[in-house]
Amino acid sequence: MASLSFKHIYKKYPGGVTAVSDFCLEVKDKEFLILVGPSGCGKSTTLRMIAGLEEITEGELFIGDRLVNDIAPKDRDIAMVFQNYALYPHMTVFENMAFGLKLRKVPKEEIKRKVEEAARILDITHLLDRRPKALSGGQKQRVALGRAIVREPKVFLLDEPLSNLDAKLRALMRTELTKIHQKLGITFVYVTHDQVEAMTMATRIVVMKDGLIQQVDTPQNLYDLPCNVFVAGFIGTPQMNFINATLVKKGEDVFVKFGRNEIKLPTEKATNPALADYIGKEVIAGLRPECLHDEPMYLSSMADTTIDAFVEVTELMGAEIYLYLVSEEQNLIARVSSRSTARSGDTVKVAIDASRIHIFDKDTEKIVIH
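So, how was this worked out
- Residues numbered from 1 in each chain as written.
- Predicted model: local features only at pLDDT ≥ 70, side-chain atom pairs only at ≥ 80, totals over all residues.
- Heavy atoms only, no water.
- Buried < 20%, exposed > 50% of the residue type's maximum accessible area, 1.4 Å probe, protein only.
- Helix = DSSP H or I, 4+ residues; strand = E, 2+ residues; numbered from the N terminus.
- Pairing = 2+ DSSP bridges.
- Salt bridge = Lys/Arg side-chain N within 4 Å of Asp/Glu carboxyl O.
- 1 Å grid on protein atoms, 1.4 Å probe; cavity = no way out; pocket = protein on both sides within 12 Å on 5 of 7 lines; lining within 4 Å.
- Points joined across faces, edges and corners; volume = space filled by probe spheres on them.
- Axes fitted to C-alpha atoms, helices over the stretch in contact; angles between N-to-C directions.
- Parallel < 35°, antiparallel > 145°, perpendicular 65-115°, else oblique.
- Left-handed = near helix turned anticlockwise from the far one by under 90°.
- Contact = heavy atoms within 4.5 Å.
- Nonpolar A, V, L, I, M, F, W, Y, C, P; charged D, E, K, R; others polar.
- Expected span 1.5 Å × (residues − 1).
- Arc of directions from axis to C-beta.
- Core = buried A, V, L, I, M, F, W, Y, C linked by side-chain atoms within 4.5 Å.
- Phe/Tyr/Trp six-rings, centres within 6.5 Å; stacked < 30°, edge-to-face > 60°.
- Lys NZ or Arg CZ within 6 Å of the ring centre and 35° of its normal.

Notes on the pairing of strand E20 (residues 358-361)
Here E20 shows a buried face lined by His358 and Phe360 and a second buried face lined by Ile359 and Asp361. Examined bridge by bridge, strand E14 (residues 282-287) and E20 share four bridges and lie antiparallel to one another. Across the sheet, Ile284 pairs through a bridge with Phe360, a residue of E20. For E20 and strand E21 (residues 367-369), the ladder comprises two bridges, and the chain directions are antiparallel. Considered in E21, the bridge of Ile359 is made with Ile369. The hairpin formed by E20 and E21 contains five residues between the paired strands, and Glu365 there has a positive phi angle of roughly 60 degrees.

Spelled out as structure tokens, the structure:
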């Protein structure tokens, strides 16, 4: 097994395009690390540099304690699973999984043992005699994983491996990948633009934007303690509400004011020294959709933080309802109970859980207080 160490990695292309800048990261042995971010943020380029498919312009990359900058891909002891599976159509599942081992001149008995063991882990033993054209998308995905597993690599690289699957199968494969990682105990580095995949599978997530690491943390910490507006907006579905507001002080109380709405901050936030420089200034207030409530019990207990809002659209999600609201020209999304009686065209009262408001600097978009 192996850890990974990135020391000030850069990837620059001719013409002055920098895809990855000053990438510094320590990936622990047996970790499930996910690189996430919008298209073009440098996550796949980073994965390809680990694989040796892209040359590192500057910096050092270690797999375990071995510097691998100048080591060929085949000698790095890694396995990569691509988005399109890359299976050989003329070979059976068994032959596809065994192909890499045959090239390494592994004895036939050992190949058979490894392929059958991987097939058992992935529940594809009954497919070993089939060819790829007779497989579903999910089955092809498992074969691609199996081909990588039999090599017993130190590091497993996965580049958007679930993006070609339908929604139901994607959800199933998320669970399966987590189980496979736990069984194998191998370091996984996984790239996706889907933050749901990242939140459900990763031990840690790297959020990237424009080739730069924005934040590295556990899924829960990224959700609860984002370091800036980008991370706060990227992690979470539906995404965080952002309100252009002003901080106003009245006596000992501090309010988040937008239009005629004034939301009183709880004492522990109002007295936070970090807020002192922002009184009377414009800020960005961040609120998760589940912090907006329309039930009577909340409206009565949160009188200081209740606003009026117009309901533009409602989306019934089964166990909950998303309310798309407008209040004082600010668009908001509330994630409320399926018992909600709010309907499109209504004007409703909404209570805000002020203890969970995030305040961001309007200019730098960095967090001021959580």
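Quick look at the pattern of salt bridges
Considering all chains together, one arrives at 23 salt bridges under this definition. In this structure, Glu58 and Lys12 form a salt bridge, with 3.1 Å as the shortest nitrogen-oxygen distance. Separated by 46 residues along the polypeptide, Glu58 in strand E4 (residues 58-63) and Lys12 in strand E1 (residues 4-13) bring together distant segments of the chain. On the basis of relative accessibility, which here comes to 37%, the residue Glu58 falls in the partly exposed class.

A few points about the layout of surface pockets
Considering only enclosed or pocket space, the largest pocket measures out at about 540 Å³ in volume. Around the largest pocket sit 20 residues that line it, and Met80, Phe82, Gly100, Arg147 and Arg151 are the ones nearest its centre. In terms of residues, the lining of the largest pocket owes the most to one element, helix H2 (residues 93-103), which gives five residues.

Looking at the packing of H2 against helix H4 (residues 137-149)
Running from amino to carboxyl end, H2 crosses H4 at an angle of 30 degrees, the nearest separation of the two axes being 7 Å. What the angle tells us is that H2 and H4 run roughly parallel. In the packing of H2 onto H4, the handedness of the crossing is right-handed. Contacts between H2 and H4 involve Val93, Asn96 and Met97 on the former and, on the latter, Val143, Gly146 and Arg147. Residues that form the contact of H2 with H4 fall into these classes: three nonpolar, two polar and one charged.

Digging into helix H3 (residues 108-122)
Taking 1.5 Å per residue, 15 residues should reach 21 Å; H3 reaches 21 Å between its end C-alpha atoms and fits that length. Residues of H3 that are buried: Ile111, Lys114, Val115, Ala118, Ala119, Ile121 and Leu122. Projection of H3 onto a plane perpendicular to its axis shows the buried side chains occupying an angular sector of 160 degrees, all on one side. With respect to the buried face of H3, the exposed residues turned more than 90 degrees away are Glu109 and Arg120. A positive backbone phi angle near 60 degrees is found at Asp123, which sits one or two residues after H3.

Regarding the nonpolar core
Met97, Leu145, Phe156, Leu158, Tyr190 and Val207 are the most contacted members of the largest nonpolar core, which totals 49 residues. Element by element, the count of residues in this core is highest for H3, at six residues. Among all residues touching Tyr190, those that are not within four sequence positions of it are Phe32, Leu33, Ile34, Leu35, Leu158, Pro161, Leu162, Leu177, Glu197 and Met201.

What to know about the sheet that holds strand E5 (residues 66-67)
Taken in spatial order, the four strands of this open sheet run E2-E1-E4-E5, and their pairing is antiparallel. Here the strands that pair on one side only, and so sit at the sheet edges, are strand E2 (17-27) and E5. By the bridge criterion, seven bridges tie E1 to E2 in an arrangement that is antiparallel. The residue of E2 that forms the bridge with Tyr13 is Val17. Sitting on the sheet, helix H1 (residues 43-51) touches E1, E2 and E4, and the angle it makes with E1 is about 115 degrees.

Observations concerning the packing of aromatic side chains
One pass over the full model with this rule turns up seven aromatic pairs. Judged by centre distance (5.1 Å) and plane angle (45 degrees), the rings of Phe32 and Phe188 are tilted. Of the two residues, Phe32 sits in strand E3 (residues 32-36) while Phe188 sits in strand E8 (residues 187-192), which places them 156 residues apart along the sequence. When sorted by exposure, Phe32 lands in the same class as Phe188, which is buried. Between the aromatic rings of Phe32 and Tyr190, the centroid separation amounts to 5.9 Å while the plane-to-plane angle is 45 degrees, which identifies the pairing as tilted. Here Tyr190 lies in strand E8 and Phe32 lies in strand E3, a separation of 158 residues in the sequence. Here a set of aromatic residues connected by ring pairs shows up, and it is made of Phe32, Phe156, Phe188 and Tyr190. Lys12 extends its terminal NZ or CZ atom over the ring of Tyr10, reaching a point 5.2 Å from the ring centre. Over the aromatic face of Phe255 sits the side chain of Lys250, whose NZ or CZ is 5.4 Å from the ring centroid.

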